[in-house]
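Residue strings, one per chain:
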Amino acid sequence: MLRYALSRVLLALPLLFGLSVLSFIYVRLIPGDPIVAMLGVNGNPALVARLREQFGLDRPLLSQYGEWITGVARGDLGVSFRSQMPISTIIVDRIPATLQLAGAALLVSLLIAIPAGVAAGMRPGSRLDSLITSATLFGLAVPAFFLGTLLMLVFAVNLRLVPSQGYVPFADDPMQSLRLTLLPAVTLGLAISPYLARLTRSAVVETIQESFVPFAQAKGLTPRKISMGYVLRNALPSLVAALGVTVASLIAGSIVVEALFNWPGMGRLVASAVVERDYAMIEALLLIYGGLFITVNLVCELVQSVLDPRVRLT
Amino acid sequence: MTAKTMVVTTAPKAAVRRRMPLRTAIGSGLGLLVVLTVAIGPWVIGKDPYAIDIANRFAGPSAEHWLGTDELGRDVASRIASGARATALIALGAVGIATAVAIPLGLLTGFLGGWVDLVVTRVVDLFLAIPSLLVAIGVVGVFGASVTTTVLALGLSYWPFYTRLIRSAVVGIRSRAYIDAARVLGASRWRVIRTEILTGLAPLVLLQTTVLLGFAVLDEAALGFLGLGVQPPQASWGSRLAESREFILAQPELALVAGVPIVVAVFAVNLLSDALRDRLDARRIS
């Protein structure tokens, strides 16, 4: 196990290194100069020169990268071109809101997608399966902002059950915080559910073809026992891997949902950084989101190998 | 009599399969609606999508304005119809770019192997580590938001996944016996790629382009919604969302009307690509 874990981590390291190089080069790829791009062509040349020096853009690339990456290792992501504040501080401020939304959305999605995927996958080709499959095809076609607007309109504007937009930290007012989380979390959860349900279905379809299923049937076990005890347990490793992949849609979805609901999370930073041409911020966000995705998938692979030791051999 | 009975009893399954499944029918119907909107929609509606009429802003649906008017009094129906054109072109362009990058790279890596394969696969893995919407947003960050950038951004965000798909398909086809047969017959590498591998890839490419078209429409809309896609006042489904977003609490029906064509178009694409997938899977089994 330890050897397997170590080899997986060693495989992830070059990926993380490549990601850091990519995010670093990205900012330097911008035609012209990032400072000029930010201030506009008519920016004061003296100011441009001063900012270039301040952000170290006038030094050799290798030394820039060296300094940047050692800073990153210490948790220092540099300074925002726009607000001149440390990026780490800005991002750390936003992490609780993002985690709260993403966690709640994931919960919603698991509650919907796993039962739906299992029900569809247990009897492929059945009426229930084609109903669920069609529902996922429809769900995949509904953009998160459309769904969110619809939910907002029905539950916040017309029925007045929940507030439409806004955020309160959980520590300040837990009840209000949860009420505000409800709509965005359901929106994001529903938005990623079709992906997860389809992945669950195919994992289950694969599992029921294994020979232990007819054997369990021959023993006279109830379908319920077979699906809960045998199929789900054996499909679990694939489900964990599916969850890792779903994180990408969770991240993409959170950028849109946070914008729709005025949710002060990390996703909001992405769009505003691009609009404001804050390249240091974009660089940091690429690194963080990519690193997050790599790490989550690494963890999922390790969990998978605990659940199913056979994957360690391949 | 006996012969007739034979036919009936041996072929019932095939006969049932011949009938067009419901979802294919629905998908084709909706798809046709979208194609018609793109092709003749602006002409049928016959209104200038850019004509501003402030006195008539936020008007409800009427004989004059089928879907009402927006925040500047422009005809919503004609904005959606002419936006459909822009969105369709963007989606086609983006999928074209992704395909144009993925096929040569996939062939190169899957067929030749070696260090080229190693290097390209590593780069692909790296890009796959970044969610595709972020890659697209990153490209917009470099070039600034516009129609061209949207095409480029979406195209560049789809190539890694597509390349990996093509590569593994090529590896699968390469090991088939008919490839060896062609080589033994003296076919050159280039000929094998052209006549054997590319034809083998065709169904997959057809399926994948269809699937990606749906994604491209969704992502164009997402970029537009974030204000990073096609910029208003230029009409596209994404920019329509960006415009309606400012009035999302006061006039939410505008945002909903802007979203419906996206749902219809992508649902049609999803139904058709799913039917296509079943067709291709069935063929692979037989």
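The structure presented is a predicted model; accordingly, all values stated were derived computationally and were not measured.

Describing the overall build of chain B
At step 1: Counting its secondary structure elements, chain B contains 11 helices and 0 strands.
At step 2: Taken from the N to the C terminus, the helices and strands of chain B come in the order α-α-α-α-α-α-α-α-α-α-α.
At step 3: Along the first, second and third principal axes, the C-alpha atoms of chain B reach 75 × 65 × 30 Å.
At step 4: Of all 286 residues assigned to chain B, the portion counted as buried reaches 47%.
At step 5: Considering only residue pairs separated by 6 or more positions, chain B has 69% of its internal contacts joining residues 24 or more positions apart.
At step 6: Accessible surface, chain B as shown: approximately 13,900 Å² in total, 68% of it carbon and sulfur.
At step 7: With 26 positive and 18 negative side-chain charges, chain B shows a spacing of 15 Å between the two charge centroids.

Things to note about the overall build of chain A
At step 1: When you go through chain A residue by residue, the secondary structure sums to 12 helices and 0 strands.
At step 2: The order of helices and strands in chain A, counted from the N terminus, is α-α-α-α-α-α-α-α-α-α-α-α.
At step 3: When the backbone C-alpha atoms are referred to their principal axes, chain A occupies close to 85 × 55 × 35 Å.
At step 4: Taking all 314 residues of chain A together, the buried fraction comes to 47%.
At step 5: Contacts in chain A between residues far apart in sequence, at least 24 positions, make up 71% of those at least 6 positions apart.
At step 6: Between the mean site of the 23 positive side-chain charges and the mean site of the 17 negative ones, chain A shows a separation of 12 Å.

A short note on the nonpolar core
At step 1: One finds Phe145(A), Leu285(A), Ile137(B), Ile197(B) and Leu226(B) to be the most contacted residues of the largest nonpolar core, which totals 135 residues.
At step 2: Counting residues per element, this core draws most heavily on helix α9 (residues 189-225) of chain B, which supplies 13 residues.
At step 3: Excluding residues within four positions of it along the chain, Leu285(A) makes contact with Ile91(A), Met266(A), Leu269(A), Val270(A) and Ala273(A).
At step 4: Counting residues in each nonpolar core, the second largest holds 11 residues, with Val118(A), Val204(A), Val213(A) and Val231(A) among its members.

Describing the environment of Cys300(A)
Residue and element names in this part refer to chain A.
At step 1: Checked against the element boundaries, Cys300 lands in helix α12 (residues 279-307).
At step 2: As a C-alpha pair, Cys300 and Leu77 span 223 residues in sequence and 27 Å in three-dimensional space.
At step 3: Here Cys300 is in contact with Val240 and Gly244, once residues within four sequence places are set aside.

Brief notes about α9(B)
All names here are of chain B.
At step 1: A rise of 1.5 Å per residue sets the reference length of α9, with its 37 residues, at 54 Å; its end C-alpha atoms lie only 47 Å apart and thus fall more than 12% short of the reference.
At step 2: At Leu198, α9 is deflected by roughly 40 degrees, the largest bend along its length.
At step 3: Just past α9, the residue Gly227 takes up positive phi, approximately 80 degrees.

Some words on the confidence of the model for chain B
Residues and elements named next belong to chain B.
At step 1: Across chain B, pLDDT averages 82, with 91% of residues at or above 70.
At step 2: Put simply, helix α1 (residues 2-10) is where chain B has its lowest mean pLDDT, 42, and helix α7 (residues 147-174) is where it has its highest, 90.
At step 3: Confidence over residues 1-16 falls short of pLDDT 50; this stretch has 0 contacts with residues more than four positions distant or in other chains.

Overview of the interface of chain A and chain B
At step 1: The interface is formed by 44 residues belonging to chain A together with 39 residues belonging to chain B.
At step 2: Counting each side, the surface lost to burial between chain A and chain B is near 3,600 Å², with a carbon and sulfur contribution of 82%.
At step 3: When the buried area of chain A at its contact with chain B is split by residue, Leu137(A), Phe145(A) and Phe146(A) rank highest and sum to 16% of it.
At step 4: In this assembly, chain A and chain B are joined by 1 salt bridge.
At step 5: Two residues, Asp274(B) and Arg198(A), come together in a salt bridge whose shortest N-O distance is 3.3 Å.

Digging into the side chain of Thr99(B)
Residue and element names in this part refer to chain B.
At step 1: By secondary structure assignment, the location of Thr99 is in helix α4 (residues 76-112).
At step 2: On the basis of relative accessible area, Thr99 is assigned to the buried category, the value being 14%.
At step 3: At 2.6 Å, the side chain of Thr99 and the backbone oxygen of Val95 are in polar contact.

Notes on the pattern of salt bridges
At step 1: Within this structure, the stated rule accounts for 11 salt bridges over all chains.
At step 2: Several salt bridges converge on common partners, so that one network encompasses Arg74(B), Arg79(B), Arg240(B) and Glu243(B).

Re the packing of helix α5 (residues 87-122) of chain A against α12(A)
All names here are of chain A.
At step 1: Their axes nearest at 11 Å, the elements α5 and α12 cross at an angle of 55 degrees. Put simply, α5 runs oblique to α12. When you trace α5 past α12, the crossing you get is right-handed. Across the interface between the two elements, Ile87, Ile90 and Ile91 from α5 touch Ala280, Met281, Ala284, Leu285 and Ile288 from α12.
At step 2: Residue composition of the contact of α5 with α12, grouped by class: 8 nonpolar, no polar and no charged.

A word on the packing of aromatic side chains
Residues and elements named next belong to chain A.
At step 1: For the structure on display, the rule yields 9 aromatic pairs over all chains.
At step 2: With a centroid separation of 6.0 Å and an interplanar angle of 35 degrees, the aromatic rings of Phe24 and Trp68 are classed as tilted. Residue Phe24 is located in helix α1 (residues 2-29), and its partner Trp68 is located in helix α4 (residues 61-73); the two are separated by 44 residues in the primary sequence.
At step 3: Owing to a relative accessible area of 5%, Phe24 belongs among the buried residues under this scheme.
At step 4: On the basis of relative accessible area, Trp68 is assigned to the buried category, the value being 10%.

Regarding the packing of α4(B) against helix α10 (residues 237-245) of chain B
All names here are of chain B.
At step 1: The contact between α4 and α10 brings their axes to 7 Å, and the two run at 135 degrees. Classed by the angle they form, the pair α4 and α10 counts as oblique. Contact with α4, carried on its side by Val76, Arg79, Ile80, Gly83, Ala84 and Thr87, involves Trp237, Gly238, Arg240 and Glu243 of α10 and no other residues of that element.
At step 2: A class-by-class count of the residues in the contact of α4 with α10 yields 4 nonpolar, 3 polar and 3 charged.

Some remarks on a nonpolar patch on the surface
At step 1: A grouping of Leu32(B), Leu36(B), Ile40(B), Trp43(B), Val44(B), Trp66(B) and Leu67(B) is seen on the molecular surface, where their side chains present a nonpolar patch of about 760 Å² in accessible area.
At step 2: Its location among the elements puts Ile40(B) in helix α3 (residues 22-45).

Here we look at unusual backbone geometry
At step 1: Put simply, Pro232(B) and Pro233(B) share a cis peptide bond, and its omega is 10 degrees.
At step 2: Residue position: Pro233(B) is located in the loop between α9 and α10.
At step 3: Positioned with a positive phi, Asn262(A) is a non-glycine residue whose angle comes to about 50 degrees.
At step 4: Structurally, the position occupied by Asn262(A) is in the loop between α10 (223-260) and α11 (266-275).
At step 5: Backbone geometry at Arg277(A) places phi at a positive 55 degrees, although glycine is not the residue there.
At step 6: Among the structural elements, Arg277(A) can be located in the loop between α11 and α12.
At step 7: Judged by relative accessible area, which is 24%, Arg277(A) ranks as partly exposed.

Rules behind the numbers
Residues numbered from 1 in each chain as written. Chains lettered and ligands numbered in written order. Predicted model: local features only at pLDDT ≥ 70, side-chain atom pairs only at ≥ 80, totals over all residues. Heavy atoms only, no water. Helix = DSSP H or I, 4+ residues; strand = E, 2+ residues; numbered from the N terminus. Buried < 20%, exposed > 50% of the residue type's maximum accessible area, 1.4 Å probe, protein only. Contact = heavy atoms within 4.5 Å. Areas by Shrake-Rupley, 256 points an atom, 1.4 Å probe, with all protein chains shown as cover. Lys, Arg positive; Asp, Glu negative; His and termini not counted. Charge placed at Lys NZ, Arg CZ, Asp CG, Glu CD. Core = buried A, V, L, I, M, F, W, Y, C linked by side-chain atoms within 4.5 Å. Expected span 1.5 Å × (residues − 1). Bend = angle between axes of the 7 residues up to and from the residue. pLDDT = per-residue confidence, 0-100. Buried area = accessible area lost by both parts, 1.4 Å probe. Salt bridge = Lys/Arg side-chain N within 4 Å of Asp/Glu carboxyl O. Polar contact = N/O pair within 3.5 Å; in protein donor to acceptor, adjacent residues only side chain to side chain. Axes fitted to C-alpha atoms, helices over the stretch in contact; angles between N-to-C directions. Parallel < 35°, antiparallel > 145°, perpendicular 65-115°, else oblique. Left-handed = near helix turned anticlockwise from the far one by under 90°. Nonpolar A, V, L, I, M, F, W, Y, C, P; charged D, E, K, R; others polar. Phe/Tyr/Trp six-rings, centres within 6.5 Å; stacked < 30°, edge-to-face > 60°. Patch = residues over 30% accessible without salt bridge, like charges linked within 9 Å, V, L, I, M, F, W, Y side chains within 5 Å.

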